[in-house]
Structures are given as C-alpha cells and as structure tokens.
Amino acid sequence: MMFGAFLVLTCVNQAWLGLPFLLGLLLAMVAMALISFSIDKFLLRPMFGQPQFSVIILTIAIGFVIRFVAGAIWGHDPQSVEHPLAGQALTFEFAEGTVVLGLDELTVIAVTLILTSVLYLFFSKTRLGLAMQAASQNQLAAYYLGSPVKRVYSVVWALAGVLATIAGLLFAMKGTIDPSAGLLGIKAFAAAVIGGFGSLPGALIGGLIVGVSEPFAARYLAAGYSQIAPYAIMLLVLIIAPNGLFAQMQQKKV
C-alpha cells in the first residue's frame, strides 16, 4: 500500500514524468502488479506447500525490506500526492447548521464500497475467484483437484498489488505518505480478524468498527487508549467468536 502510493506520487508529482492523474494511477497500478507478481514468483513460490507460518514470517521480512527501499528512494519525510479533488467539498445547508463533506472523503467511501462489491462478486461468481478461495483454504487439495495453484497465487498477488495501490492513494488523499505508513496494515489485520477471514462484507464492517473505535476512545477515554482500542475489540471478538463476527468458515463434526 505504501509503495503503491509512492509510485502514484512519482508518476503524478514528479516534474520529469508529470503524467495526468488517471494515467499516472494506471501506470502505478500496472507497476505494482508486476512487482507483486515478481515477489510471488521469485520469493514465495519456493515456499509452496510449506506451513502458512513460514510464509507469514517471510512476508513480514519482505515488508521491512520494502520500507527500507522506499526510504532510500523517496526519503523519510512525509509527502503529499497531488490529486484533482484536493480542497473541493460539497456543502449542505440545514436548519440546524451547515454540513461540509470533502470530495476526497466521499471518494474514499464510494471507491471502498465499489471495490468491495466487485470483489465479492468476483470471488463468489467467477471460476478464477472460486479457484482463489480453494487455493487459500487448502493448497494441496486444490492442487490435487487440478487447480493451477501456483498460477492462481501469482494472480492473487498481482491483484493485491493493484488494490494496494488504490488503497495507498486513498490513504494519501487524506494526508501524507511516508515509509512507515505501511504499518497501517496491522490495523487492517485487526479489522479482518474482527469481521472474519474470508468475508469481504465482514472485513468492511470490521474496518468501520476499527475506524469508529479510535475517535470514540480518544473522546471518552484517557490519552493513549485510542491506540489500543482496535486491538482490545479484536481480543474481545476472538474470545466471543474466534472465527470473527461474519466468518464464512464453519466447524464440521465427522
């Protein structure tokens, strides 16, 4: 996500490139798809069939390397992405007062809802989406049933690179971007746990819970509690519903 945002920044902001916004975004998405595809092909594919824990540790290490590379290329100072919606807002007049909504904020909401809906249909209605779910649930079983698991995983990583670039841009539209911004993924993990792995609507609702919990904790609790509020909720959900609030996984007795 962080690296994708920096690629958008390079394609759009840099004078020597200075592409139109949508063209720069498209180029950054293609570049991140190729980078993510290469990470899977050359680093993760040799781990095929190994325990998921080993893959997780490897991706955490790759994350540190990516943050180092981003810092070496773009520096560690916060930077802003130039976008056409900056400073634009919609104003609504009511008897009780005026409501001002920034177009960048509305874009974040709209794009999130659209992508969630498209991905839900993709994973539930297409052969490739179903193959991705099968490979995620059991690599070897999907492989024995004829699914091209290695190729499917490469497509998954390329798709993840594209989506991460869009997410990085949406994040950068609300502020600045720096190499440490990738650590936001820890909160995304908490949102996925709360909503339930394998459930896109659950992940969306989990993200809303995480996003709402922090300002409420900052308003009504002592200083510092807002940072741990999402993880406290995650622990509570794990105690009550270990598979998440909207998990698609079910236990079977045989």
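The rules behind each value
Residues numbered from 1 in each chain as written. Predicted model: local features only at pLDDT ≥ 70, side-chain atom pairs only at ≥ 80, totals over all residues. Heavy atoms only, no water. Helix = DSSP H or I, 4+ residues; strand = E, 2+ residues; numbered from the N terminus. Rg over C-alpha atoms; globule rule 2.2 N^0.38 Å. Buried < 20%, exposed > 50% of the residue type's maximum accessible area, 1.4 Å probe, protein only. Areas by Shrake-Rupley, 256 points an atom, 1.4 Å probe, with all protein chains shown as cover. Lys, Arg positive; Asp, Glu negative; His and termini not counted. Charge placed at Lys NZ, Arg CZ, Asp CG, Glu CD. Phe/Tyr/Trp six-rings, centres within 6.5 Å; stacked < 30°, edge-to-face > 60°. Contact = heavy atoms within 4.5 Å. pLDDT = per-residue confidence, 0-100. Pairing = 2+ DSSP bridges. Arc of directions from axis to C-beta.

Now for the overall build of the protein. When its secondary structure is counted, the protein shows 10 helices and 2 strands. For the protein, the sequential pattern of α-helices and β-strands runs α-α-α-β-β-α-α-α-α-α-α-α. Since a compact globule built from 254 residues should have a radius of gyration of about 18 Å, the 20 Å found for the protein is in line with a globular shape. The C-alpha extent of the protein, read off along each of the three principal axes, is 60 × 50 × 35 Å. The buried share of the protein, taken over its 254 residues, is 31%. Summing over all exposed atoms, the protein offers an accessible surface of approximately 15600 Å²; the carbon and sulfur share of this is 70%. Within the protein, the 9 negative side-chain charges are centred at a point lying 25 Å from the centre of the 12 positive side-chain charges.

It is worth spelling out the packing of aromatic side chains at this point. Two aromatic rings, taken as a pair, are described by how far apart their centres are and by the angle between their planes. All told, the structure shown has 5 aromatic pairs when counted by the stated rule. Between Phe-3 and Trp-74 the ring centres are 5.3 Å apart and the planes differ by 75 degrees, which places this aromatic pair in the edge-to-face class. You can see Phe-3 sitting in helix H1 (residues 2-13) and its partner Trp-74 sitting in helix H3 (residues 52-74), a full 71 residues away along the chain. In terms of burial, Phe-3 and Trp-74 fall into one category: buried. By the ring-pair criterion, three or more aromatic residues cluster together here, those being Phe-3, Phe-6 and Trp-74.

Bringing the environment of Phe-21 into the picture now. If you trace the backbone, Phe-21 turns up in helix H2 (residues 21-44). For the pair Phe-21 and Glu-82, spaced 61 residues apart in sequence, the C-alpha separation works out to 8.2 Å. Leave out the neighbours within four places in its chain, and Phe-21 touches Val-12, Glu-82, His-83, Pro-84 and Leu-169.

Attention shifts here to the confidence of the model for the protein. Where the model shows low pLDDT, its predicted coordinates should not be examined in detail. Mean pLDDT over the protein stands at 88; residues scoring 70 or higher make up 96%. Within the protein, the lowest mean pLDDT, 83, falls on helix H6 (residues 139-144), and the highest, 94, falls on H2.

Looking now at the pairing of strand E2 (residues 97-102). Strand residues, when the strand is regular, have side chains that alternate between the two faces of the sheet. Of the pairings in the sheet, the one linking strand E1 (residues 89-94) to E2 comprises 6 bridges and is antiparallel in character. Looking at E2, one finds that Phe-92 is bridged to Val-99. Counted along the chain from E1 to the antiparallel partner E2, the turn is 2 residues long.

A separate point is helix H5 (residues 127-137). Of the positions making up H5, those classed as buried are Gly-129, Ala-131, Met-132 and Ala-135. For H5, the angular spread of buried residues about the axis comes to 160 degrees, placing them on one side. Along H5, the residues that are exposed and aim more than 90 degrees away from the buried face are Arg-127 and Gln-137. Buried residues belonging to H5 abut helix H4 (103-125), H6 and helix H7 (149-173).

This brings us to the side chain of Thr-165. Looking at where Thr-165 falls in the secondary structure, it is placed in helix H7. Classification of Thr-165 as buried rests on a relative accessible area of 0%.

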